[in-house]
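# Observations on the model geometry
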Amino acid sequence: MGTLKPNSSMSIILVMFFVFGSSLGKTLHHKWEVAYMFGAPDCLEDVVMAINGQFPGPTIRAKAGDTVIVELTNNLFTEGVVIHWHGIRQIGTPWADGTAAISQCAINPGESFTYKFLVDKAGTYFYHGHLGMQRSAGLYGPLIVDVAKGKKEEFHYNGEFNLLLSDWWHENVHHQEVGLSSKPFHWIGEPNSLLLNGRGQYNCSLAAKYMKGKNSVADCNFKGNEVCAPSIFSVQPNKTYRLRIASVTALASIHFSIGGHKMMVVEADGNYVEPFETEELFIYSGETYSVLIKTNQNQSHNYWISTSIIARNASATPQGLTILNYLPNPSLKLPNYPPPTPPIWNNFSKFKSFSNKILSKTGTPKPPTTPNRRIYLLNTQNYIDGYIKWALNNVSLVLTSTPYLGAMKFGLKNSFNQSNPPENFPPNYDVMKQAINPNSSYGNGVYRINFNSTVDLILQNANALAMNVSELHPWHLHGHDFWVLGHGEGKFSEGDYGKLNLKNPPARNSAVIFPFGWTVLRFVADNAGVWAFHCHLEPHLHMGMGVVLAVGVDRVKTVPNEAMACGHTAKRFMNTKHR
């Protein structure tokens, strides 16, 4: 029976490398300071959250087997901060996962915390803030892991680029948070702009000349040195380039395309996939891809790189644009044809068709044939005392003041509800209709998972509070990869198990559940710690759309006391250096 790497023996080896020193790679040390600064991501001056004065934050580049150390100092005036290393499994270092109230305490203003973790697998990853909605404020950056020293990549390319996709609002993040938690509910609306590598255009367009008579806007007259000038990707003709694409969006799902070029998809979420060619990517928050492009088009032209919002009716958000520059053409020479046209925002059949093309590469591990446990999670929008919330099985998550990792490791049972949260929902629940009783409750219980067991997570989507509305949710699992066994429409039934893909399902750390549908994920719980599993949309998580999974916490040997300096763990465990 195959399992996702690392299996339990591999996990032990990796922990030994981390604890006792590894000959596999180097130790890379970074010193970061997080602070607010003025910027103009979309040409309108605003406050952004930056690292060492950079927005987006600096790129971490490592090789598989390296150890990364980040000494993080919080220079924010009035709020804590943590950093989550999205897609890094934190084998042996669950305290470094960077999830406030789950794996660690928030780092207070003026204080520092040192993250130390092994990057064991090559791939395209990123990092971002995981406290409140700090990702919406701009706290994110790329994390790239190359193949280990002495190994070769599975495909050839002449050069590569990182593309970080994000969305941006002109209302500050605190305004958003208050609005989402208010009665009546205050929704600031869809993003004002889309950013590529932290740059976009709100009050002008690179493609203004093609928009006459429609939503006319001014031409962008850039010299190239403006802070919101597009990041140009300059290439040599007749070469192959790898584009590493990561979506750190707070809300938007993205249609991505390059005018006149096809893309060969080769990696998803740090896992190789069976290569396939496409003219467009549909990428959801939390996902990463690597694609190969050949610069074999007319050398006298430049070409559009385009992003647009899908899965939400966000017609007021302008298309994000930059340029693929064929040298020696001038970098800001505009293409001589309009940007690519995205599909209709709710063309879900097309989005599902793309998802069905993503399959694991031949020769990669297959999932276990049967699970030891099934957890069904009904995704609903609910009321609690008149406040609008998101819930799973009618429970809206509210995190505690004591990190779960410390509370469970040290047996502090008064830190959270010890009752098991519900693992299913009523069998007569009609997912296609508006809930008869939309009221929910708050909860902070934990799903306790047996170490090395195989678990199926069945995500079931349902109607929101509005009639005939069901939203798309991209879900992300911390600490593990999972296999995406399949998705379907309507209500999941026992008969759907026979339709699942056990032959070559893709291994991912993020997966989407479509409106009025279901998605089945399978993972092996081989990584000890306490892990978040949640919708990766910032507003949805902020409103309670997540659960907490505890795996073999008794196997966790080392937790720095400075990670637990809050709540019930603070007084008890700060007198000694480590436990």
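I will try to describe carefully the structure that is included in this document. The structure presented is a predicted model; accordingly, all values stated were derived computationally and were not measured.

### Let's talk about the sheet that holds strand 26 (residues 473-477)
Taken in spatial order, the five strands of this open sheet run 24-32-31-26-29, and their pairing is mixed. Among the strands making up the open sheet, the edge pair consists of strand 24 (447-449) and strand 29 (510-513). Sheet twist, expressed as the average angle between the axes of neighbouring strands with direction ignored, equals 25 degrees.

### A word on unusual backbone geometry
Of the consecutive residues Phe 55 and Pro 56, the connecting peptide bond is found in the cis state with omega at -15 degrees. With respect to the element layout, Pro 56 can be found in the loop between strand 2 (46-51) and strand 3 (60-63). Here the residue pair Leu 327 and Pro 328 is connected by a cis peptide bond, since its omega of 10 degrees sits within 30 degrees of zero. Looking at the secondary structure, you find Pro 328 in the loop between strand 19 (320-326) and helix 3 (348-356). Notably, Asn 394 is not glycine yet its phi reads approximately 70 degrees, a positive angle. Positionally, Asn 394 belongs in the loop between strand 21 (387-392) and strand 22 (395-397).

### What about the pattern of salt bridges?
Any two side chains of opposite charge can pair if their charged atoms end up close together. Using the criterion set out here, one finds 21 salt bridges in the structure. The partner of Arg 135 in a salt bridge is Glu 538, with the nearest N and O atoms 3.5 Å apart. Taken as a pair, Arg 135 in the loop between strand 7 (123-129) and strand 8 (140-146) and Glu 538 in helix 5 (residues 538-542) lie far apart in primary sequence, 403 residues in all. Like Glu 538, Arg 135 is buried. Two residues, Asp 269 and Arg 508, come together in a salt bridge whose shortest N-O distance is 3.0 Å. Of this pair, Asp 269 sits in the loop between strand 14 (263-268) and strand 15 (271-278) while Arg 508 is found in strand 28 (residues 507-508), placing the two residues 239 residues apart along the sequence.

About the thresholds
- Residues numbered from 1 in each chain as written.
- Predicted model: local features only at pLDDT ≥ 70, side-chain atom pairs only at ≥ 80, totals over all residues.
- Heavy atoms only, no water.
- Pairing = 2+ DSSP bridges.
- Helix = DSSP H or I, 4+ residues; strand = E, 2+ residues; numbered from the N terminus.
- Axes fitted to C-alpha atoms, helices over the stretch in contact; angles between N-to-C directions.
- Salt bridge = Lys/Arg side-chain N within 4 Å of Asp/Glu carboxyl O.
- Buried < 20%, exposed > 50% of the residue type's maximum accessible area, 1.4 Å probe, protein only.

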